[in-house]
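Working through the structure, step by step
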Amino acid sequence: MAPAPAPVGNRGNGSQNLRDMMAPSTTNNTSETSRPPTPAPATAIPTQSRHTPPKLTTLEIIALNNEVINATTGKAYLEHIALTISGKPYTIDAISKILLHTTQLTGISLPAQTAIRAVAFVLKEIVTDKTTEIIARHVTAAISPHIAKLQDTEEKLTKLSTDINTTSASQSLQLEKIQMTVDTLSKQATESANSRPSYAAAVMTSQGQQPETATQAHRLQLIAREAIKERQIMIGYTPNSPLAAGNSFHAQLIERVKTALKNLAANDESPKLDMRAVTQFKQGGMIIEMTTKEAAAFIRSNPGTKDELVHNLNPDATFKECSYPLIVPFTPVSYNPTDAESTQQLESKNGWNNGTILSTRWVKPAEKWSSSQKVAHLMIVFTEPQTTNLAIRDGITIDHLLLWPKKNRRKPLRCAKCQHYSHIARECIAHGDTCANCGNNHRTSDCPTKDKYFCTACNTDDHASWSRDCPSFIQKCKDTDKRYPDNTLPYFPTDEEWTHATTPSKPLPYKKTLPPTTFPNNKLRQQRLDDYSTRNEGN
């Protein structure tokens, strides 16, 4: 707290005392020695030391008897003693100046002067801080709308720049696609103008087929069929099994399959095992189509899962692997297809995985071979299409002999009993046998005439029923190819595009013209060169 001012007397004496103190600053004719003595204070205040803090409180000081009792009297008094100018506003800066001038009044002690000066400087600092704050507030209020507008403009410019870049990138991509299309069309036009059609394309075109159109149509159908095959698993059973057609309703079979799949032991890595459809066959067996190919692959690749699924369906059922058969022509008869070690060596020498071959057998049983036969046709059944296609493309090595296998294509079924198509002898309802050579009512193996032919399907004696040139057989082959589009492909189609390659249709077989059975009256006689030369010498 600042030191207390000198004791203040009554209202009249106090005013006189202050006027006397201000006399030197207002006039120069009055002598300091002629100033009357300061009267005694009206209210006695205990004598205190100059450095002793005042004992009065703020309210007590305000209540002292003095002519200044409020702001109005205070302003009038300051104007009266000429410390301020009438009408001038009382700002903090003006009050600070008044205090500084007050320290120059006569009779004010040094501590009072120092305290008044301190208050004046503090007020000036407050004025500076307040002014700075006010200015900052006003400046902020003035420029805030402009800053907001600038920020909004910046965001709009940034968004506009992003849109421009995106549009530019999209247009560049479209231009690249257009350029690629133009280059492709130009290349195709050049190749079309400078190239001649191949023999295969010419043959297909002559038979009313367009190679490009047929390829695209087959490719889409093949991709869809192969996608379905990848999701299928096959189950085999006997006709007397509860799973067989006719022994249970289809709804009951569906529930049985769902329960068997639900009871399979699953782990964190196993996919969701849900079925999509079930197809039964009259001869026995069924195909379960899963919802995903991952689920079907998981069941096929885990032996324990396969055994558990078969046991859940029926203990007598079996799991059938997908098979991809190949025909290897002209295989040395020294190869033993029934030997497991020979099969393992065949897989090892050709670089195939162990277990890739499902089975091997001769197409024609060995007991029906001729005594001098050295080679025969071998059938190899694979478990995966990738290895099968590589064998077709790269060949197979058997006993250090490179052989070129072919896909075993589907052929029309011909009954060995009645010689008609679309069924087998076991399902034939004919009462007797029909010979495939002569067409008489006996077994083909018992035919007494080997040079007489008759086709039961065509009802003609131009060829035998087993002839590959039979028009009925050729038409049935075409019907089979339409039913199974992959039958005309050299490979088993997979997700690799090169396996979708097509082969041109087989041209019609060449038929040798038979010589006439009758000759004109002047028979032609075949002559030799020596006869011709002898005749010329005789002439």
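Look up a bit, the structure's there.
Right, let's walk through the structure included here. (Residues numbered from 1 in each chain as written. Predicted model: local features only at pLDDT ≥ 70, side-chain atom pairs only at ≥ 80, totals over all residues. Heavy atoms only, no water.)

Remarks on the pairing of strand β3 (residues 286-290)
Of all 5 residues in β3, 5 are buried; the element is thus mostly enclosed. Residues Met 286, Ile 288 and Met 290 line one face of β3 and the alternating positions Ile 287 and Glu 289 line the opposite face, and both faces are buried. Here 4 bridges tie strand β1 (residues 232-236) to β3, and the two strands are oriented antiparallel to one another. Looking across to β3, one finds that Gln 232 is bridged to Glu 289. Both strand β2 (residues 275-280) and β3 contribute to a ladder of 5 bridges, which runs antiparallel. Among the inter-strand pairings, Val 278 is bridged to a residue of β3, identified as Ile 288. (Buried < 20%, exposed > 50% of the residue type's maximum accessible area, 1.4 Å probe, protein only. Helix = DSSP H or I, 4+ residues; strand = E, 2+ residues; numbered from the N terminus. Pairing = 2+ DSSP bridges.)

Quick notes on the side chain of Thr 331
Tracing the chain through its elements places Thr 331 in strand β5 (residues 324-332). Judged by its relative accessible area of 0%, Thr 331 is buried. Among the polar contacts made by the side chain of Thr 331, one reaches the main-chain carbonyl oxygen of Val 328 at a distance of 3.0 Å. (Polar contact = N/O pair within 3.5 Å; in protein donor to acceptor, adjacent residues only side chain to side chain.)

Let's talk about helix α13 (residues 471-483)
Structurally, the α-helix is built with 3.6 residues per turn, so residues lying three or four positions apart point the same way. In this model, α13 (13 residues) spans 19 Å end to end at C-alpha, consistent with the 18 Å of a helix rising 1.5 Å per residue. When α13 is considered as a whole, its buried residues turn out to be Phe 473, Cys 477 and Thr 480. Angular distribution of buried residues about the axis of α13 spans 60°; they occupy a single face of the element. (Expected span 1.5 Å × (residues − 1). Arc of directions from axis to C-beta.)

Thoughts on the packing of aromatic side chains
This model, assessed by the stated rule, comprises 5 aromatic pairs. Between the aromatic rings of Trp 352 and Phe 382, the centroid separation amounts to 5.1 Å while the plane-to-plane angle is 80°, which identifies the pairing as edge-to-face. You can see Trp 352 sitting in the loop between α11 (340-349) and β6 (357-362) and its partner Phe 382 sitting in strand β7 (residues 375-382), a full 30 residues away along the chain. Like Trp 352, the residue Phe 382 is buried in the burial classification. Consider the rings of Tyr 453 and Trp 466, whose centres lie 6.0 Å apart with planes at 90°: the pair is edge-to-face. One end of the pair, Tyr 453, is in the loop between β10 (406-407) and α13; the other, Trp 466, is in the loop between β10 and α13, with 13 residues separating them in the sequence. Accessibility expressed as a relative area gives 43% for Trp 466, which makes it partly exposed. Directly above the aromatic system of Trp 498 lies the positively charged group of Arg 393, at a separation of 4.8 Å from the ring centroid. Directly above the ring of Tyr 484 sits Arg 410, whose terminal nitrogen or CZ lies 4.1 Å from the centroid. (Phe/Tyr/Trp six-rings, centres within 6.5 Å; stacked < 30°, edge-to-face > 60°. Lys NZ or Arg CZ within 6 Å of the ring centre and 35° of its normal.)

Comments concerning the pairing of β5
For β5, the buried fraction is high: 8 of the 9 residues fall into the buried class. Here β5 runs beside β7; their pairing, made up of 7 bridges, is antiparallel. Counted as the bridge partner of Pro 325 is Val 381 from β7. One ladder, built from 2 bridges, connects β5 with β10; its direction is antiparallel. Its bridge partner lying in β10, Ile 327 is registered against Lys 406.

Remarks on the side chain of Thr 387
Within the secondary structure layout, Thr 387 lies in helix α12 (residues 385-394). A polar contact is formed between the side chain of Thr 387 and the side chain of Glu 384, at a distance of 2.5 Å. When residues no more than four places from it in sequence are discounted, the contact partners of Thr 387 are Trp 352, Thr 356 and Phe 382. (Contact = heavy atoms within 4.5 Å.)

Observations regarding the sheet that holds β2
Read across the open sheet, the 4 strands follow the order β2-β3-β1-β4; overall the sheet is antiparallel. Because the sheet does not close on itself, it has two edges, and the strands there are β2 and β4 (318-320). Averaged over all pairs of adjacent strands, the angle between their axes in this sheet comes to 25°, without regard to strand direction. Strands β2 and β3 of the sheet are contacted by helix α8 (residues 250-262), whose axis makes an angle of about 130° with β2. (Axes fitted to C-alpha atoms, helices over the stretch in contact; angles between N-to-C directions.)

A short note on the nonpolar core
Formed by 26 residues in total, the largest nonpolar core has its most connected members in Ile 235, Val 257, Met 286, Ile 288, Met 290 and Leu 313. Put simply, the parts of the chain that give this core at least two residues each are β1, α8, β2, β3, α9 (293-301) and α10 (303-313). The leading source of residues in this core is α8, at 5 residues. Sequence-distant contacts of Ile 235, that is, excluding residues within four places in its chain, are made with Gly 285, Met 286, Ile 288, Val 310, Leu 313, Ala 317, Thr 318 and Phe 319. Counting residues in each nonpolar core, the second largest holds 21 residues, with Tyr 324, Trp 352, Ala 391 and Ile 392 among its members. (Core = buried A, V, L, I, M, F, W, Y, C linked by side-chain atoms within 4.5 Å.)

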